[in-house]
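For reference, the chains in residue letters:
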Amino acid sequence: MASFTAVTKRKRARRTKNAGHARKMKMGKHSTLSATELFAALGEPGKPAPKSAAPAKG
């Protein structure tokens, strides 16, 4: 039978690994823009693209 310390170390390691994996999964969920977000600046399909803003003079 493993000692209490060994069990605790394994449990902690597993919990830390799983937490990291869950964090990465949450980050990856919205890392890529959807098609709607990606092409939002181009306007509605079948209609001319909206005029771009005038460049700022400095």
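Each remark here, short or long, concerns the structure printed above.
Summarised in this report is the structure supplied together with it. As the structure is a computational prediction, the values presented were derived from the model and not from experiment.

## Comments concerning the overall build of the chain
Piece 1. Within the chain, the regular secondary structure consists of two helices and zero strands.
Piece 2. Relative to its 58 residues, the chain shows a buried fraction of 0%.
Piece 3. Per element, the accessible surface of the chain, about 6,100 Å² overall, is 62% carbon and sulfur.

## Side note on a positive patch on the surface
Piece 1. A contiguous patch of positive charge on the surface is contributed by K9, R10, K11, R12, R14 and R15.
Piece 2. Mapped onto the elements of the fold, K9 is located in helix 1 (residues 4-29).

Criteria and cut-off values
Along each chain, the written sequence defines residue order, and numbers are assigned to residues from 1. Confidence filtering applies because this is a predicted model: local features only for residues at pLDDT of at least 70, side-chain atom pairs given and counted only at 80 or more, and all residues used for totals across whole chains, interfaces and linings. Here the side-chain values reflect all heavy atoms present in the structure, with hydrogen atoms and water set aside. A helix here means a DSSP run of H or I that spans at least four residues, while a strand means a run of E at least two residues long, and both kinds are numbered starting from the N terminus. Categorising residues by exposure relies on relative accessible area from a 1.4 Å probe, with only protein chains included: less than 20% of the type maximum marks a residue as buried, more than 50% marks it as exposed, and the intermediate range marks it as partly exposed. Only the protein chains shown count as cover for residues, and the accessible areas themselves come from Shrake-Rupley with a 1.4 Å probe. Candidates for patches are residues over 30% relative accessible area with no salt bridge; among them, like charges are joined within 9 Å and nonpolar side chains (Val, Leu, Ile, Met, Phe, Trp, Tyr) within 5 Å. By definition, a salt bridge exists where a carboxyl oxygen of Asp or Glu is found within 4 Å of a side-chain nitrogen of Lys or Arg. For the charge count, each Lys or Arg is scored as positive and each Asp or Glu as negative, with His and the chain ends excluded. Every charge is mapped onto a representative atom, which is NZ of Lys, CZ of Arg, CG of Asp or CD of Glu.

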